[in-house]
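As a plain string of letters, each chain reads:
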Amino acid sequence: MPIKNRFAELLPEIAAWRRDFHAHPELQFDLPRTSARVASLLRGFGVDQVVEGIGRSGVVAVIRGRKAGSGRVLGFRADMDALPIIEATGADYASTHAGKMHACGHDGHTSILLGAAKYLAETRNFDGTVVLIFQPAEEGGGGAKAMVEDGVLDRFGIQEVYGLHNNPGAPVGSFAIKEGPLLAAADFFEITVKGEGGHGAQPHVTADATLAGAAVVMALQQVVSRNIDPLQPVVLSVTGFATDTMAHNVIPDTARLTGTVRTFDVATKNRVRERMQAVAEATAQAYGATIAMDYVNGVLPTINAPEATGHAIAAAEAVAGRVDTTLEPSMGGEDFSEMLAQRPGAFILLGNGDSADLHHPKYDFNDEAIPAGCSWFAALAEQRMPITA
């Protein structure tokens with residue numbers, strides 16, 4: 001079964017929704033226009049129920065099949081928020097909100113799930129219930145966790161949960177997935193190095209926080225290579241360095257380091273955190289400084305359940321014929337992991353063609369991928385909950 005003809009027919013309409021979302025990006029939980037537009041469209045499709053304000057600004061819709069004997073309830077999720085990036089695509093539908101941009105394709109994900117909703121509400125060719133989850137704040141805001149804590153999975157009786165993300169560089173409409181770990185846990189840290197500032201001409205009477213901070217950066221680069229099992233994938237990146245003054249003749253009091261840690265294993269993550277604290281403290285002390293470290297546990301690793309991955313592959317094969325299952329795990333993070341930690345499910349990648357990479361000012365979602373994404377959700381519903389005589 002190729003892409004469903006109905007989605008080819010709907011493509012101009014769905015692409016128009018996508019471009020409207022793209023032109024009006026909103027960040028994290030602050031999605032008044034986006035959430036309202038999603039809810040309005042869903043009601044227009046004639047879904048059975050629309051609930052707003054779950055996880056602060058999330059939207060949930062329920063579509064019941066022509067039969068309900070299976071008792072099965074599937075959750076399909078899309079993210080809605082944009083990024084604080086200045087757009088450089090030059091598109092006719094480019095962002096009208098300065099400094100905000102759909103640079104990760106959430107406008108496409110939302111529109112794909114809306115397209116699937118319209119089709120499923122029209123046909124209802126399944127035995128069970130589909131729950132559509134439109135999530136805020138995927139980009140570092142904890143939106144999935146907020147919706148889970150607000151009871152989205154329990155309240156709607158969701159038994160399995162599925163989601164997709166576009167994949168720049170892969171052929172348009174292709175699919176890639178792997179069982180087990182797919183994306184890493186993403187944690188964040190901030191280290192404040194405290195010294196004793198003074199005149200730039202008299203470093204000998206100071207405790208130079210700049211020098212101490214630079215030494216801490218270099219020392220942290222050895223935590224993974226000399227403290228962690230080389231068979232465990234880990235990334236530790238210091239991504240920011242700032243001092244409390246940039247004056248040419250002043251040695252600053254403090255330096256602030258920021259960064260991220262990516263892991264797949266909880267014990268490994270704890271070991272990295274422990275060694276970071278000890279190494280940073282000892283290194284700073286050697287330069288007469290002290291440190292304070294704030295380590296924030298971010299999203300969990302995204303782990304695809306074996307049986308659910310098989311269902312996701314079967315649906316993708318029905319749409320595209322072939323699915324890439326040789327995908328290597330990525331150290332990127334995705335908060336859909338919060339839902340997968342509570343329910344079996346799977347996360348799949350949808351080819352976006354030869355586009356700029358995610359989070360790039362020239363990135364744009366490829367509308368030609370929409371029919372494949374919509375068809376995958378529809379195939380999942382119809383395959384997992386078939387109507388039998």
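Our subject is the structure listed above.
Note that this is a predicted model, so its numbers are computed, not measured.

**Things to note about the sheet that holds strand β6 (residues 175–176)**
Strand order in the open sheet formed by eight strands is β1-β2-β4-β3-β5-β16-β6-β15, with mixed pairing between adjacent strands. Only two strands of the sheet have a single partner each, and these edge strands are β1 (49–54) and β15 (323–324). Sheet analysis places strand β3 (residues 73–79) next to strand β5 (residues 160–167), joined by four bridges and oriented parallel. Each residue of the ladder has a partner; that of F76, found in β5, is Y162.

**Here we look at the pairing of strand β8 (residues 185–194)**
With 10 bridges joining them, β8 and strand β12 (residues 254–263) adopt antiparallel strand pairing. Across the sheet, residue T192 finds its bridge partner in β12, namely R256. Relative to strand β13 (residues 290–299), β8 runs antiparallel, the two sharing eight bridges. Pairing of I191 across the sheet is with M293, part of β13.

**Considering the pattern of salt bridges**
All chains considered together, the criterion is met by 21 salt bridges. A salt bridge links R124 to D48; the nearest nitrogen and oxygen atoms lie 2.7 Å apart. Here R124 is found in the loop between α3 (106–123) and β4 (129–135), whereas its partner D48 is found in the loop between α2 (32–45) and β1, with 76 residues between them in sequence. Using a relative accessible area of 17% as the deciding quantity, one classes R124 as buried. Residue R343 pairs with D154 through a salt bridge whose shortest N-O separation is 2.7 Å. Here R343 is found in the loop between α9 (337–340) and β16 (345–351), whereas its partner D154 is found in helix α5 (residues 152–155), with 189 residues between them in sequence. By relative accessible area, which is 17% here, R343 ends up buried.

Calculation notes
Residues numbered from 1 in each chain as written. Predicted model: local features only at pLDDT ≥ 70, side-chain atom pairs only at ≥ 80, totals over all residues. Heavy atoms only, no water. Pairing = 2+ DSSP bridges. Helix = DSSP H or I, 4+ residues; strand = E, 2+ residues; numbered from the N terminus. Salt bridge = Lys/Arg side-chain N within 4 Å of Asp/Glu carboxyl O. Buried < 20%, exposed > 50% of the residue type's maximum accessible area, 1.4 Å probe, protein only.

Purely geometric numbers; function is a separate question.
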